[in-house]
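# Structural features, examined
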Amino acid sequence: MTRHFPHDWQSANVSRIPYPLYTDEDVYRRELEAIFYGPHWSYVGLSCEISGPGDYKETSIGERSVIMVRDPDGSINVVENHCAHRGVKFCQERFGTVKSFICPYHQWNYNLKGDLTGLPFRRGFKGQGGMPADFDTKQHGLTKLHVAEHNGVVFATFSADTPPLLDYIGPKILEWFERTFDGRELTLLGYSRQRIPGNWKLMQENIKDPYHPGLLHTWFVTFGLWRADQSSRMIMDEHGRHAAMVSAKNAGGGGEVTQNVSSFKADMALNDDRMLDIVPEEWWKGPTVVMTTIFPSLILQQQVNSVSTRQIQPRGPGKFDFVWTHFGFKDDTPEMTRRRLRQANLFGPAGFVSADDGEVIEFSQQGFEQDPANETYAELGGTDVADTEHMVTETLIRGMYGYYRKVMDL
Amino acid sequence: MIDPSVRFAIEQLYAAYTSALDNGRFDDWPDFFIEDGRYVLIPRENHDRGLPLATMSLESRGMMKDRVYGVINTLFHAPYYQRHILGPMRIEEDGDALLVEANYVVFRTKRNEMSEVFNTGRYIDRIVNTDDGLRFAEKLCVFDSEMIPNSIIYPI
Ligand SMILES: [Fe+2]
């Protein structure tokens, strides 16, 4: 079978993205190696999810299952979830509390740092069998990942070449990261999990695309939560891989900006407006919405009073799991917690302004699969890559593909 | 022992409820609830751990009407049929109210596709008697389904 890819990314511009980049198995395998298992930090969770000693959470980086665990010394370890002996994925629960990791197959025993601490019949039985005389437990631990935590958000990487986390995020995006995560204690509100039949990059693109919210999402345009006539900024790190879309809501309603927008509903009003009972918080420092993408696996959401992390777990070229962790802050009043939960109706797999993102991603994937010779066109605002003071641009998407092309050597 | 006529009335309520949803009569849906009735669709994971986040959490008939408006007029999605199958009901009396628990499976059928299990779990409901007959004061749908297949548009 001939594979045209990767040699047919002919365009000099990253504004034309070949469809096979979203569908090709070889491209996908290279992404796993070069991106997810390469020198990049991937999100694994929030520190508040594993508060006590021995608390763990199972999650994924790329397709590899990993366990984030609270060490008795208070630090956080991340180890890969398979036994050094015969490869068994020994942890089958997603959360729990343990003193050590024990593989059920042959009871190999690991401490929470991933060191092998014991195994049955190491010296044989009645002088027979057993491990070789030079068996060294240090050579047979779990795969240990590098771990970094910043203000309650935990990242891990398989690669020793990954730069320090704060350098990786870079000063421009760190500013927006620290606007939400400034060291305040977080409280966990719960999870949503969806499996989206589309390529994982489409979700990064979706949150680097300020063009669509005021068009696809009626709620945004009608109630002024996100649309082209409000002040906004598109910001990237120096590599173009991470981004922040920053904006401030306006009063909504009709006007020049809604004239050609078929999703705008002039007479739409809520029967129960508690869903949009928005109360500005001091830490916003102005913007009502900041959507941050940390390449490759993390999206940070602040949409008015609703805050969440969204994690991308690729599952082949044509699908990914999308895990939402909604949280609040320790000093939230019960009213603020209720408000965050109410506004959560806008987001997630059934959300008024999110369910349709998953749907259009599925439709994009269907288009890519049927016509492999084609390419997407992302030239709103030109072909260059630069920060902007408006939202009528696809610059952040181009920024990501500029970086992607380098890392993937395409 | 629940009076057979009460059980019969409850079964009629559920039959009417699923008929409205499965045949696309979404405008009828809020009327199965009392004015300040609650509708909560929540992953079992959150429910079991006492985490409050729900997939859908509506606190009045008004919010339900807004959801229906959203489903019909604002949410862009691939069209699908849904079909509810309910198991036997466990009914308890609680003062003037009735507590009902029932397993459900919802199948989804998209255009040109095979039918698939879309969402499965149990209803944990509180039903009250009103002048208009039995109505839900609270309907909690706790679903086992670990992964939502992309999105949930219609009520369960
Ligand atoms: Fe969107």
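It should be emphasised that the depicted structure is a prediction, and the values quoted were computed from it without experimental measurement.

Before going further, it helps to spend a moment on the domain arrangement of chain A. Residue and element names in this part refer to chain A. Once the domains are mapped, chain A shows domain 1 (42–148) and domain 2 (170–408). A separation of 36 Å is found between the C-alpha centroids of domain 1 and domain 2. Between domain 1 and domain 2, the contact holds 12 residues from the first and 17 residues from the second. Buried area between domain 1 and domain 2, both sides added, is near 1200 Å², and the carbon and sulfur share of it is 55%. Considering only the side of domain 1, the residues that lose the most area to domain 2 are Tyr43, Leu46 and Cys48, jointly responsible for 44% of the buried surface there.

Counting residues at the interface gives 41 residues for chain A and 35 residues for chain B. When the two sides are added together, the surface that chain A and chain B hide from each other amounts to roughly 3300 Å², 54% of it contributed by carbon and sulfur. Its salt-bridge partner being Lys110 of chain B, residue Glu362 of chain A comes within 3.1 Å of it at the nearest N-O pair. There are 21 residue pairs in polar contact (both at pLDDT 80 or more) connecting chain A and chain B. Residue assignment for the side of chain A that touches chain B shows that the elements contributing at least two residues are β12 (186–196), α6 (218–222), β18 (320–329), α7 (334–343) and α8 (355–370) of chain A. Among the elements that line the side of chain A that touches chain B, the one with the most residues is β12 of chain A, at nine residues. Residue classes in the side of chain A that touches chain B are distributed as 20 nonpolar, nine polar and 12 charged. Inspection of the sheet shows β12 of chain A paired to strand β7 (residues 148–149) of chain B by two bridges, in the parallel sense. Among the inter-strand pairings, Arg195 of chain A is bridged to a residue of β7 of chain B, identified as Pro149 of chain B.

In this structure's numbering, the residues bearing the UniProt feature "domain: Rieske" (unreviewed entry) are residues 41–156 of chain A. Spanning residues 41–156 of chain A, this segment combines 0% helix with 37% strand, and its end C-alpha atoms are found 6 Å apart.

In a beta sheet, neighbouring strands are held together by backbone hydrogen bonds and run either parallel or antiparallel to one another. All names here are of chain A. Spatially, three strands are ordered β2-β11-β10 in an open sheet, and the strand pairing comes out antiparallel. Bordering the open sheet on either side are β2 (42–46) and β10 (146–150), each of which pairs with just one other strand. On average, each strand axis in the sheet is inclined to that of its neighbour by 30°, with strand direction left out of account. Of the strand pairs in this sheet, β10 and strand β11 (residues 153–157) are connected by five bridges, and their pairing is antiparallel. The residue bridging Ala148 from the neighbouring strand is Phe155, located in β11.

This part takes up the environment of Gly50 of chain B. Relative to the helices and strands, Gly50 of chain B resides in the loop between α2 (44–49) and β2 (56–58). Through-space distance from the C-alpha of Gly50 of chain B to that of Leu13 of chain B is 29 Å; in sequence the pair is 37 residues apart.

To continue, consider the pattern of salt bridges. All names here are of chain A. Applying the stated criterion across every chain, the model contains 37 salt bridges over all chains. The shortest N-O distance in the salt bridge between Asp73 and Lys113 comes to 3.2 Å. Taken as a pair, Asp73 in the loop between β4 (64–70) and β5 (76–80) and Lys113 in the loop between β8 (109–110) and β9 (116–118) lie far apart in primary sequence, 40 residues in all. What makes Asp73 exposed here is its relative accessible area of 52%.

On to helix α1 (residues 4–22) of chain B. Residues and elements named next belong to chain B. A rise of 1.5 Å per residue sets the reference length of α1, with its 19 residues, at 27 Å; its end C-alpha atoms lie 27 Å apart and thus fit the reference within 8%. Those residues of α1 lying buried are Ile10, Leu13, Tyr14, Tyr17, Thr18, Ala20, Leu21 and Asp22. For α1, the secondary structure elements touched by its buried residues are β1 (33–43), β3 (80–94), β4 (97–110), β5 (115–130) and β6 (133–143). Downstream of α1 by a residue or two, Gly24 has a phi angle that is positive, lying close to 75°.

Residues and elements named next belong to chain B. Residues Ile85, Phe107 and Val117 make up a contiguous nonpolar surface patch of roughly 250 Å² in combined accessible area. Tracing the sequence through the fold places Phe107 in strand β4. The partly exposed category is assigned to Phe107, whose relative accessible area is 31%.

Next up on the list: the UniProt feature "domain: SnoaL-like" (unreviewed entry) in chain B. Summarizing the sequence annotation, UniProt attributes the feature "domain: SnoaL-like" (unreviewed entry) to residues 7–138 of chain B in the numbering used throughout. End-to-end, the C-alpha atoms of residues 7–138 of chain B are 18 Å apart, and along that stretch the chain is 27% helix and 49% strand.

Residues and elements named next belong to chain B. Across the sheet, which stays open at both edges, the six strands sit in the order β2-β1-β6-β5-β4-β3 with mixed pairing between neighbours. The sheet terminates laterally at β2 and β3, the two strands that pair on one side only. Going from strand to strand, the sheet's axes swing by 20° on average, the running direction of each strand aside. Alignment of β1 against β6, held across seven bridges, turns out to be parallel. Across the sheet, residue Leu41 finds its bridge partner in β6, namely Cys141.

Residues and elements named next belong to chain A. Taking 1.5 Å per residue, 14 residues should reach 20 Å; helix α9 (residues 395–408) reaches 20 Å between its end C-alpha atoms and fits that length. Of all 14 residues that make up α9, 11 are buried, and the element is covered over most of its length. By the burial criterion, the buried members of α9 are Thr395, Leu396, Ile397, Arg398, Gly399, Met400, Tyr401, Tyr403, Tyr404, Arg405 and Met408. A positive backbone phi angle near 55° is found at Asp409, which sits one or two residues after α9.

Further remarks concern the environment of Thr97 of chain A. Residue and element names in this part refer to chain A. Relative to the assigned elements, Thr97 resides in strand β6 (residues 95–97). Residues Thr97 and Gly54, spaced 43 residues apart in sequence, show a C-alpha to C-alpha distance of 5.0 Å. Excluding its chain neighbours within four sequence positions, the residues that come into contact with Thr97 are Pro53, Gly54, Asp55 and Tyr56. At 2.9 Å, the side chain of Thr97 and the side chain of Asp55 are in polar contact.

Residue and element names in this part refer to chain A. For strand β13 (residues 232–236), the buried fraction is high: four of the five residues fall into the buried class. Note: β13 against strand β14 (residues 243–247), five bridges, orientation antiparallel. The residue of β14 that forms the bridge with Arg233 is Val246. Between β13 and β14, which pair antiparallel in sequence order, lie six residues; one of them, Gly240, sits at a positive phi of approximately 80°.

So, about the pairing of β11 of chain A. All names here are of chain A. Of all five residues in β11, five are buried, a share of seventy percent or more. Every second residue of β11 is oriented toward a common face, with Val153, Phe155 and Thr157 on one face and Val154 and Ala156 on the other, all of them buried. Inspection of the sheet shows β2 paired to β11 by four bridges, in the antiparallel sense. Residue pairing across strands places Leu46 opposite Val153, the latter belonging to β11.

Cut-off values and rules
Residues numbered from 1 in each chain as written. Chains lettered and ligands numbered in written order. Predicted model: local features only at pLDDT ≥ 70, side-chain atom pairs only at ≥ 80, totals over all residues. Heavy atoms only, no water. Domains from an automatic or database assignment. Contact = heavy atoms within 4.5 Å. Buried area = accessible area lost by both parts, 1.4 Å probe. Salt bridge = Lys/Arg side-chain N within 4 Å of Asp/Glu carboxyl O. Polar contact = N/O pair within 3.5 Å; in protein donor to acceptor, adjacent residues only side chain to side chain. Helix = DSSP H or I, 4+ residues; strand = E, 2+ residues; numbered from the N terminus. Nonpolar A, V, L, I, M, F, W, Y, C, P; charged D, E, K, R; others polar. Pairing = 2+ DSSP bridges. UniProt positions renumbered as here; feature names shortened; annotations may be inferred. Axes fitted to C-alpha atoms, helices over the stretch in contact; angles between N-to-C directions. Buried < 20%, exposed > 50% of the residue type's maximum accessible area, 1.4 Å probe, protein only. Expected span 1.5 Å × (residues − 1). Patch = residues over 30% accessible without salt bridge, like charges linked within 9 Å, V, L, I, M, F, W, Y side chains within 5 Å. Areas by Shrake-Rupley, 256 points an atom, 1.4 Å probe, with all protein chains shown as cover.

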